[in-house]
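Structural overview
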Amino acid sequence: MKRIYSELLEDHFENNRQIAIISGPRQTGKTTLSQMIYNNFTYLNWDNKNNRENILTGASNIIDTYNLNSLSKKSNLIIFDELHKYPKWKIFIKGFFDSYGEQTKILITGSARLNIYKKVGDSLMGRYFHYRLHPLSVAETLHTNLIKTEIRKPKKIPLSTMKHFLEYGGFPEPFLKSDKRFYNRWKRTKNEQFIYEDVRNLTNVQDIDSIEVLTEILKNQTGQLVNYSSLSKKLNVSVGTIKRWIIILSNLYYSFTIKPYYTNIPKSLIKQPKIFLWDWSIVNDEGEKKENMIASHLLKAVHFWTDFGFGNYNLYFLRDKMKREVDFLVTKNNKPWFLVEVKSSNSKRLSANLQYYAKLLNIKTAFQVDFDSKYIAKDCFSTKIPIKVPATTFLSQLI
């Protein structure tokens, strides 16, 4: 299926000379996406022996070998896949871009390790734009076109599609197949690949068994405050080790954390984050799964809006020492924009905490998102008071 990221990359190469770097979890379709932008392209995969030899011979050899210096070439897009496995990849790309960046479009894709390495050093500073690829979302099954503002008009989604999102998650292959037997096999293979390839090969973690236990524990603690001390006792390791492992799980796209927002919040939490999983389908509790699904959709939205250049967006939660809590706060250019409280079933009353924080932070846009409410064809973002809104309506207006 076509994805909104295709138009994003088309827009990138039409309007920018910078390298495009795509990072994201395994099996979100990075390679497929990169090959859908143009009908003609040059694709080099580091895992391919012949491609690797061509890369090692240098940039000028690649230009000559693939005839990238000819006007007869229908497309001068060159895709480097899994290039991060080359220890000197940044030096290579810097030289390639500086020498041939005016005549070629350069796209780099790869695994989570690419996302880790891109943060180290500044040899590519000013030479690339980074795009974070997420699994499918409700809105992306309805729209794949770019728009000039963050929020879309609402559009109805079939109830069966919402059910499939909850059951199979947003990773493209299991979602599109929506077959239970396939999903079970895919899930088992993905877990084994994550533990025994990504964690073992891309980190220096020796205690693979314990980190596998940690991943199982987190399936039952999504949406909760991370209790490092409790986890350290369960796994019989230090608090420092637990913190390091959670960072590793985040870097490898197993989980992500959301920090508390504390500006202008009396007696707010400051340090303890909440944790969620990239694949919400493996969360055990139904209510936590729905909250995780909303968290994932919001994270995708703030990443996309930021990467596309609308501004600087971030995702937080709210909680004070009186235990008044709202699930999510989205900020725009460091200012509170809208609040989201998730309800797995339709609640007659509007959350008192949602109303409290909306007033405290002077936020006019605040939602109590109900999963059991039927779709309403109204723009919920046009309402300037805290309201209840169906999950189908709210999610259809994001990315």
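Below is a short write-up of the structure. All of these numbers come straight from a predicted model, not from anything done at the bench. (Residues numbered from 1 in each chain as written. Predicted model: local features only at pLDDT ≥ 70, side-chain atom pairs only at ≥ 80, totals over all residues. Heavy atoms only, no water.)

Focus: the sheet that holds strand β2 (residues 42-45)
With parallel pairing, the 5 strands of this open sheet are ordered in space as β2-β3-β4-β1-β5. Lying at the two open borders of the sheet, with one neighbouring strand each, are β2 and β5 (128-132). Geometrically, the sheet is characterised by an average inter-axis angle of 20° between neighbouring strands, direction not taken into account. Bridge count for strand β3 (residues 77-81) against strand β4 (residues 105-109) is 5 bridges, and the pairing is parallel. Residue pairing in the sheet places Ile 79 in a bridge with Leu 107 of β4. Seen against the sheet, helix α3 (residues 49-56) touches β2 and β3 and runs at an angle of roughly 100° to β2. (Pairing = 2+ DSSP bridges. Helix = DSSP H or I, 4+ residues; strand = E, 2+ residues; numbered from the N terminus. Axes fitted to C-alpha atoms, helices over the stretch in contact; angles between N-to-C directions. Contact = heavy atoms within 4.5 Å.)

Things to note about the pairing of strand β10 (residues 335-343)
Two faces make up the sheet, and in a regular strand the side chains alternate between them. Both strand β9 (residues 325-332) and β10 contribute to a ladder of 5 bridges, which runs antiparallel. What sits directly across from Phe 328, in β10, is Val 340. The loop that links β9 with its antiparallel partner β10 comprises 2 residues; one of these, Asn 333, has a positive phi angle of about 50°. Here β10 runs beside strand β11 (residues 365-370); their pairing, made up of 6 bridges, is parallel. Residue pairing in the sheet places Glu 341 in a bridge with Gln 368 of β11. You can see the chain leave β10, run along helix α15 (residues 352-360) and come back into β11, and the turn it takes is right-handed. (Right-handed = clockwise from strand over helix to strand, strands pointing away.)

A look at the nonpolar core
Counting 59 residues, the largest nonpolar core has Leu 298, Trp 305, Phe 328, Phe 338, Val 340, Phe 367 and Phe 394 as its most contacted members. Here this core gets 9 residues from one element, more than from any other, and that element is helix α14 (residues 286-308). Once you skip the residues sitting within four places of it in the chain, Phe 394 turns out to touch Leu 298, Phe 338, Val 340, Phe 367, Val 369, Cys 380, Phe 381 and Val 389. If you look at the next biggest cluster of nonpolar residues, it comprises 30 residues, including Trp 186, Val 226, Leu 277 and Val 283. (Core = buried A, V, L, I, M, F, W, Y, C linked by side-chain atoms within 4.5 Å. Buried < 20%, exposed > 50% of the residue type's maximum accessible area, 1.4 Å probe, protein only.)

Side note on the layout of surface pockets
Approximately 530 Å³ is the volume attributed to the second largest pocket. Contributing to the lining of the second largest pocket are 30 residues, with Arg 26, Gln 27, Thr 28, Gly 29 and Lys 30 lying nearest its centre. Looking at which element gives the most residues to the lining of the second largest pocket, the answer is helix α10 (residues 180-202), with 5 residues. Considered class by class, the residues forming the lining of the second largest pocket number 9 nonpolar, 10 polar and 11 charged. (1 Å grid on protein atoms, 1.4 Å probe; cavity = no way out; pocket = protein on both sides within 12 Å on 5 of 7 lines; lining within 4 Å. Points joined across faces, edges and corners; volume = space filled by probe spheres on them. Nonpolar A, V, L, I, M, F, W, Y, C, P; charged D, E, K, R; others polar.)

Some details on helix α12 (residues 228-235)
All of the buried residues in α12 are Tyr 228, Leu 231, Ser 232 and Leu 235. Projected onto a plane normal to the axis of α12, the buried residues spread over an arc of 100° and lie on a single side. Seen from the open side of α12, the exposed residues pointing more than 90 degrees away from its buried face are Lys 233 and Lys 234. Looking at the buried side of α12, the elements it contacts are α11 (208-218) and α13 (239-251). Measuring from the side-chain oxygen of the N-cap residue of α12 to the backbone nitrogen of Ser 229 gives 3.3 Å; that N-cap residue is Asn 227. One or two residues past the end of α12 sits Asn 236, with phi positive at roughly 60°. (Arc of directions from axis to C-beta. Polar contact = N/O pair within 3.5 Å; in protein donor to acceptor, adjacent residues only side chain to side chain.)

Section: the packing of aromatic side chains
Per the counting criterion, the structure on display carries 32 aromatic pairs. Seen in terms of ring centroids, Phe 304 and Phe 308 are 5.9 Å apart; in terms of plane orientation they differ by 35°. Their pairing is tilted. In this pair, Phe 304 and Phe 308 are both assigned in helix α14, 4 residues apart and thus about one turn of the helix distant. A relative accessible area of 4% means that Phe 304 is categorised as buried. An aromatic cluster is present here, built from Trp 305, Tyr 313, Trp 337, Phe 338, Phe 367, Phe 381 and Phe 394 joined pairwise through their rings. In this arrangement the basic side chain of Arg 324 is found over the ring face of Tyr 356, its NZ or CZ atom lying 4.3 Å from the centre. (Phe/Tyr/Trp six-rings, centres within 6.5 Å; stacked < 30°, edge-to-face > 60°. Lys NZ or Arg CZ within 6 Å of the ring centre and 35° of its normal.)

Describing the pattern of salt bridges
As enumerated under the stated definition, the model contains 20 salt bridges in all. A salt bridge links Lys 300 to Glu 140; its shortest N-O distance comes to 2.5 Å. Remark: Glu 140 occurs in helix α7 (residues 138-142) and Lys 300 occurs in helix α14; sequence separation between them is 160 residues. By the burial criterion, Lys 300 is buried, and Glu 140 matches it. One salt bridge connects Arg 319 with Glu 325, and the closest N-O pair in it is separated by 2.6 Å. (Salt bridge = Lys/Arg side-chain N within 4 Å of Asp/Glu carboxyl O.)

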